[in-house]
Amino acid sequence: MMSDYLIVGGGVMGLLTAYELAKTDASVTLVEMRASGRESSWAGGGILSPLYPWRYARSVTQLALWSQARYPELARELLDLTGTDPEYRESGLMILDAEERDLALAWGERYQVPVELLDRTRLAAAEPNLALRLDNAIWLPGVAQIRNPRLTSALRAAIDHKVTLRENEEVLDILAEDGRVRGVRTTKGELAAKQVVVCAGAWTAQLLERIGVAPRIRPVRGQMMLFHTKPEQIAHVMLYRDRYIIPRQDGRVLIGGTLEEAGFSKGTTSTAKDVLYRFAVELYPELQRASVEDHWAGLRPGSPDGIPYIGPYPGIDGLFVNAGHFRNGLVTGPASARLISDLMLQREPIVPPEPYALDAERGS
């Protein structure tokens, strides 16, 4: 049977895209080489803001702001539909790098986003267990977090019975003929489709280079650590020197993350574990009394300047790409899925699509 839409990749980007396309009466198939939501979508921290958002291009900011506005409603929808709570929580983001304050304030004014400066007294009151005693900190009160595994589980359940989900089936080739996509070839055979969208994260370039222009997407390994401690010892998401601390409702505390050029290796290292541990206990010495519950790695889909590729694939009608979100897949996911769906369905796009186009300049 031929699908109207076929999605390659079952991470958060593929699942969100499937969730959008499944709102139509069309037939949708999603193909994932392993279990859905088990790669970088599972491994990330779930901060619903770019880290140091003023460092990113306007094109990334537009996707992030649209998604941030959408997330509360999306979380409620998924809870109502599936009974799984993605644990959306507005915990705020506290940035301890004081040298960033002028950039932060200017960015907040430009995009009408609340940005405050906390003096030493307010910082100590907000985070009494923080060992660093700084003169001021940057405070983004509206930033939320979400539990990645719970979000992907809820999305998977939400599309059940609406989308044909084919897991543990790797896509080997994109099939095209006379300048038109006709489907994919997988480890289990050929699947026909009128339109195909590649949401394969770090594996996207590897797949598309077989048919022509490949986006400049590469795997960037990130390692994370998880402590198990008492709830509310840390109140807010903390960011300092490009690393972060995320407190969960149940007392778990996530520490991240490294940026490593290690190809497709997802192995963890003792060096990264030591770096993350030292960072955590420097800020919160009480974590020395907590147990380290887990240490893992994931592969982010790195792209130039962190700008994702969202749009039609040049030279092959019906083929699309939605990948390369680097560190911002969760925070830009809803907008990215909506934008690629707008383009595939020929609707008015939510944001101008030109900055995300795959062309000769942004290709390999």
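Data block above holds the structure.
Residues numbered from 1 in each chain as written. Predicted model: local features only at pLDDT ≥ 70, side-chain atom pairs only at ≥ 80, totals over all residues. Heavy atoms only, no water.

Draft legend 1. Examining the pairing of strand S5 (residues 136-140) more closely. Burial of S5 is extensive: 5 of the 5 residues sit out of reach of the surface. Going residue by residue along S5, you find Asn136, Ile138 and Leu140 tucked away on one face and Ala137 and Trp139 tucked away on the opposite face as well. With 3 bridges connecting them, strand S3 (residues 93-95) and S5 associate as antiparallel partners. Bridging across to S5, Met94 finds its partner in Trp139. When strand S4 (residues 116-119) meets S5, the two strands line up antiparallel, connected through 4 bridges. In the strand pairing of S5, Leu117 is matched with Ile138. (Buried < 20%, exposed > 50% of the residue type's maximum accessible area, 1.4 Å probe, protein only. Helix = DSSP H or I, 4+ residues; strand = E, 2+ residues; numbered from the N terminus. Pairing = 2+ DSSP bridges.)

Draft legend 2. Highlighting the nonpolar core. With 40 residues, the main nonpolar core has Ile7, Leu78, Leu151 and Leu155 as its most contacted residues. Listed by contribution, the elements that provide at least two residues to this core are strand S1 (2-8), helix H1 (12-21), strand S2 (28-31), helix H3 (58-82), helix H6 (148-159) and helix H9 (329-345). Considering every element that reaches this core, the biggest residue donor is H1, with 7 residues. Residue contacts for Ile7: discarding those within four places in its chain leaves Gly14, Thr17, Ala18, Leu21, Val28, Thr29, Leu30, Val31, Val197 and Cys199. Counting 27 residues, the second largest nonpolar core, distinct from the first, contains Val171, Val198, Ala202 and Ile316. (Core = buried A, V, L, I, M, F, W, Y, C linked by side-chain atoms within 4.5 Å. Contact = heavy atoms within 4.5 Å.)

Draft legend 3. Here's a closer look at the side chain of Thr61. Secondary-structure assignment places Thr61 in helix H3. Setting aside residues no more than four positions away along its own chain, Thr61 makes contact with Pro53, Tyr56, Trp107 and Tyr111.

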